[in-house]
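# Residue-level structure breakdown
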Amino acid sequence: MSGELQHYDLPFWKKYIFSQDHKVIGIQYGITALIFLFFGFLLMLLMRWQLAYPGQPLPVIGKWFGEANMPDGVMLPEFYNQLGAMHGTIMVFLGVVPLAVGAFGNYLVPLQIGAPDMAFPKLNMASFWVYFVGGVIMLVSFFVPGGAANSGWTSYPPLANIATTGQTYWLLGMVFLITSSLLGSVNTITTIFQLRAPGLSFFRLPFFVWGQLIAAFLLLLAFPPLEAAGVMQLMDRVFHTSFFMPTGLMISGQPLDISGGGSVLLWQHLFWFLAHPEVYVLILPAMGIVTEIITNNSRKPLNGHKLMIYSVIFLGFMSFIVWAHHMFLTGMGTAISTFFQATTMIISIPSVIILSYLFITLWGGSIRFNTPMLFALAFLPMFGIGGLTGLPLGLSTSDIHLHDTYYVIAHFHYVVAPGTIFALFAGIYYWFPKATGRRMNELLGKIHFWPSFIFMNVIFMPMFIQGLAGVSRRLYDGGASYDFAQGVLHLNKISTHGAWGLAIVQIPFIINFVWSIFKGQKVESDNPWEATTLEWAAPNCPPHGNFLKPVKAYRGPYEYSVPGAKKDFSPQFEEHT
Amino acid sequence: MSTETIPYTVESRYDTGLYNAKLGIWLFLASEAMLFGALFSSYILLRVGAVDWPRGSSILSVPLGAFNTVLLISSSLTMLLSWAALRLKDFKKFKILLGITILLALLFLSVKSYEYYLKFEHHLFASKSTFLAIYFTMTGLHALHIIGGIVVNTYLWGPGSRMWKTQPERFTNRIEIAGLYWHFVDLVWLFLFPVLYLL
């Protein structure tokens, strides 16, 4: 917690590897998370092959996965289950959250509040490396006997309790990831409360900072119960306790030698107490990014700034009391179901308010259709579809039919994949000039955007139909052995081909990203998008300490097209405009 | 280049009235409260769902538990007094009081280990019943927190105390932070003792 920040003659390993500079740590988080996202996507491509062509050998690369996983290139059910569990785990805990909170939060929050760094630079460094170790443990688990965790990303007992060694690695990995997010969220909240520049009151904070603040509170308070649950499951697996093992449990006709008396529902309650707020951790930073980009590119003030802030606070509170809508089918009782159904309907209101204000902000604006804006605009209807299709799942009656079907998969992937991940792409394109001093190529950006937008829908839209037809989500053959699924089986191929297409159109992005770092068009100004928030007061590739002269906020964050001003944007950091 | 420093590492911010680490530790403790809160909730849920549940005193030794409670409360008091001593610029008294705090914590751990030993001797392992499972999990996790506290306090008592000569105010703050954590660990025990031993 050193207060001094004088640097520049640091050795390489201190400047770029064990760095305490929030910007370097943010980029470390970003690169690591992008690699994990890509890896998680590859796991899914393997699964999609099996779903579209069940039992057929995967050509060419199928042999690489070993006799234990894919003999003669044909995927075994056990391996499919590992891929499923690890796809979810990696995407949520190692990909999207670290990118949204670790990378964007770390890089931008101090810049947007005019601070020289995070409040605790050493803790920040520790947070990244603990995350890194957690990721390594997850990857290593693929190589232990029996392979990685295979009980779904939710790790429901008693299945997870009796699963192979990979599950123990999963639990250990989660303990590291939880610790990392604890350190990170303490740091973020302290930074936002303590290091705001003079004049930057809470209502002058950009909405992005608000999103990060609430997300940090959710991580801070919702993750510990999962840690407690993880410790109990570790106890069950290592010391053979019976926290989650009910009395009289039989496996393959044999009674287990356990003391019994445990509760499987207990795990589900503790897990979803984290995992529902986690959904908002995924979405709030994305909403923040989209808000910044939409106001900037429609050259209009954000409509309903204050109400959006109240909404996001309310959303944060409510997200702690909706978790059991994931458990309507567990037989926990109609009274409890009714309560959680009511809170679930209530929590949709603030999301709708936020989304509506973003749409209204577009109205009458002079919109610039650059790549970040395209991704941000695509976020709105995609998140809209994801959110609205969640309502039938939140009603306990219709959930009876839809629970654990492909409908659920489609619903939350619309929220996270073309929703959050599109927002994260938008953020990468938008803040790239600040981090590197160069722009990403617009043409490649558009080649990345349009097919991605189409393929995302090709992948996920058919799943709604399959889910409504009743196809269950964790079937190894995609439903081929079920009579009722025959009519919708051909959709598996459409989704799979869409996934291939999505993979191919990420190539322009990867090329664009790497090429632009070195050869992209240089930006002349520190404020290339003519934006208003404080990060644009810092020089491009901000030095250690961020700002060259003390910053002060003179007005709210979204003062575009102010009548009487000389230009169409009035930055927070300029006294006279 | 700029030698910008992070503000409010020692002095309080004008509008929040806190220095950075103090806000940080409160947030950390909020998270810890959720961790132990989840375990206490699990205890309730498991006990409500159990066919029969032993009375804690029939398995655990209440006198030993009560003795440990006294130890921890006393250590919280000495921790507080050591901070007060620093505020009064009495470094010597601080050393003695923080030293006593660490010793009391070590004594607590010894008694706890002896209690564990008594259980293991009678083959009362965590796998034997849900009560023992939750007893070992909760007290074990609490003991880990005690160990963490001992490590931090020993550092501040030994090498860390050199900061007193260069930045006395910042060092005093550090003791305050360590104290807040220590009181929290103490508080958790004040719930654990009645819940596990008496109820």
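In this assembly, 48 residues from chain A lie in contact with 38 residues from chain B. Together, the buried faces of chain A and chain B total about 3,500 Å²; carbon and sulfur atoms form 69% of this surface. Across the contact surface, chain A and chain B share 1 salt bridge. Between D15 of chain B and R196 of chain A there is a salt bridge, with its nearest N and O atoms 3.6 Å apart. Applying the counting criterion to the chain A and chain B interface returns 8 residue pairs in polar contact (both at pLDDT 80 or more). When residues of the side of chain A that touches chain B are traced back to their parent elements, those giving at least two are α5 (166–194), α6 (207–238) and α7 (264–298) of chain A.

Another aspect to go through is unusual backbone geometry. In the segment running from P157 of chain A into P158 of chain A, the intervening peptide bond is cis, with an omega of 0°. With respect to the helices and strands, P158 of chain A occurs in the loop between α4 (121–140) and α5. Phi angles above zero are rare outside glycine, and Y8 of chain B is one such case at about 60°. Take Y8 of chain B: it is sitting in the segment before α1 (20–49). For H123 of chain B, which is not glycine, the phi torsion reads 55° and is therefore positive. With respect to the element layout, H123 of chain B can be found in the loop between α4 (91–121) and α5 (130–157).

Core analysis: the biggest nonpolar cluster contains 245 residues, and M86, F104, F207, L226, L284 and F379 of chain A together with I146 of chain B have the highest contact counts within it. Excluding its chain neighbours within four sequence positions, the residues that come into contact with L226 of chain A are M174, I178, W267, L270, F271 and L274 of chain A.

The next thing to look at is the packing of aromatic side chains. Tallied over the full model, the rule gives 71 aromatic pairs over all chains. Arranged with centres 5.2 Å apart and planes meeting at 80°, the rings of Y29 of chain A and F128 of chain A form a pair that is edge-to-face. Taken together, the residues Y29 of chain A in helix α2 (residues 22–52) and F128 of chain A in helix α4 connect sequence positions 99 residues apart. Of the residues examined, Y29 of chain A reaches a relative accessible area of 6% and is grouped as buried. Seen in terms of ring centroids, W189 of chain B and Y197 of chain B are 6.0 Å apart; in terms of plane orientation they differ by 65°. Their pairing is edge-to-face. We classify W189 of chain B as buried; its relative accessible area is 0%.

All names here are of chain A. Mapped onto the fold, Q572 is located in the segment after α16 (506–519). For Q572, the side chain forms a polar contact with the main-chain oxygen of R204, separated by 3.0 Å. The residues touching Q572, leaving out its near neighbours within four places in the chain, are L200, R204, T532, T533, L534, K552, A553, Y554, R555, G556 and P557.

Okay, the confidence of the model for chain A next. Summarising the model, chain A shows a mean pLDDT of 94, and 98% of its residues fall at 70 or more. Contacts for the low-pLDDT stretch residues 1–6 of chain A, under 50 throughout, to residues beyond four places or in other chains number 19 contacts.

This paragraph deals with the packing of helix α13 (residues 406–436) of chain A against α16 of chain A. All names here are of chain A. The geometry of α13 relative to α16 is characterised by a closest axis approach of 12 Å and an angle of 20° between their N-to-C directions. By the angle between their axes, α13 is roughly parallel relative to α16. In this structure, the crossing between α13 and α16 has a hand that is left-handed. Together, F425, I428, Y429 and F432 of α13 and Q506, F509, N512, F513, S516 and I517 of α16 make up the contact between the two elements.

With that out of the way, let us pick up the environment of P372 of chain A. All names here are of chain A. Following the sequence through the fold, P372 ends up in helix α10 (residues 371–388). Sequence separation between P372 and F425 is 53 residues, and the spatial gap between their C-alpha atoms is 7.4 Å. The contact partners of P372, leaving out residues within four places of it in the chain, are I293, A426, Y429, Y430, E442 and W529.

Conventions adopted
Residues numbered from 1 in each chain as written. Chains lettered and ligands numbered in written order. Predicted model: local features only at pLDDT ≥ 70, side-chain atom pairs only at ≥ 80, totals over all residues. Heavy atoms only, no water. Contact = heavy atoms within 4.5 Å. Buried area = accessible area lost by both parts, 1.4 Å probe. Salt bridge = Lys/Arg side-chain N within 4 Å of Asp/Glu carboxyl O. Polar contact = N/O pair within 3.5 Å; in protein donor to acceptor, adjacent residues only side chain to side chain. Helix = DSSP H or I, 4+ residues; strand = E, 2+ residues; numbered from the N terminus. Core = buried A, V, L, I, M, F, W, Y, C linked by side-chain atoms within 4.5 Å. Buried < 20%, exposed > 50% of the residue type's maximum accessible area, 1.4 Å probe, protein only. Phe/Tyr/Trp six-rings, centres within 6.5 Å; stacked < 30°, edge-to-face > 60°. pLDDT = per-residue confidence, 0-100. Axes fitted to C-alpha atoms, helices over the stretch in contact; angles between N-to-C directions. Parallel < 35°, antiparallel > 145°, perpendicular 65-115°, else oblique. Left-handed = near helix turned anticlockwise from the far one by under 90°.

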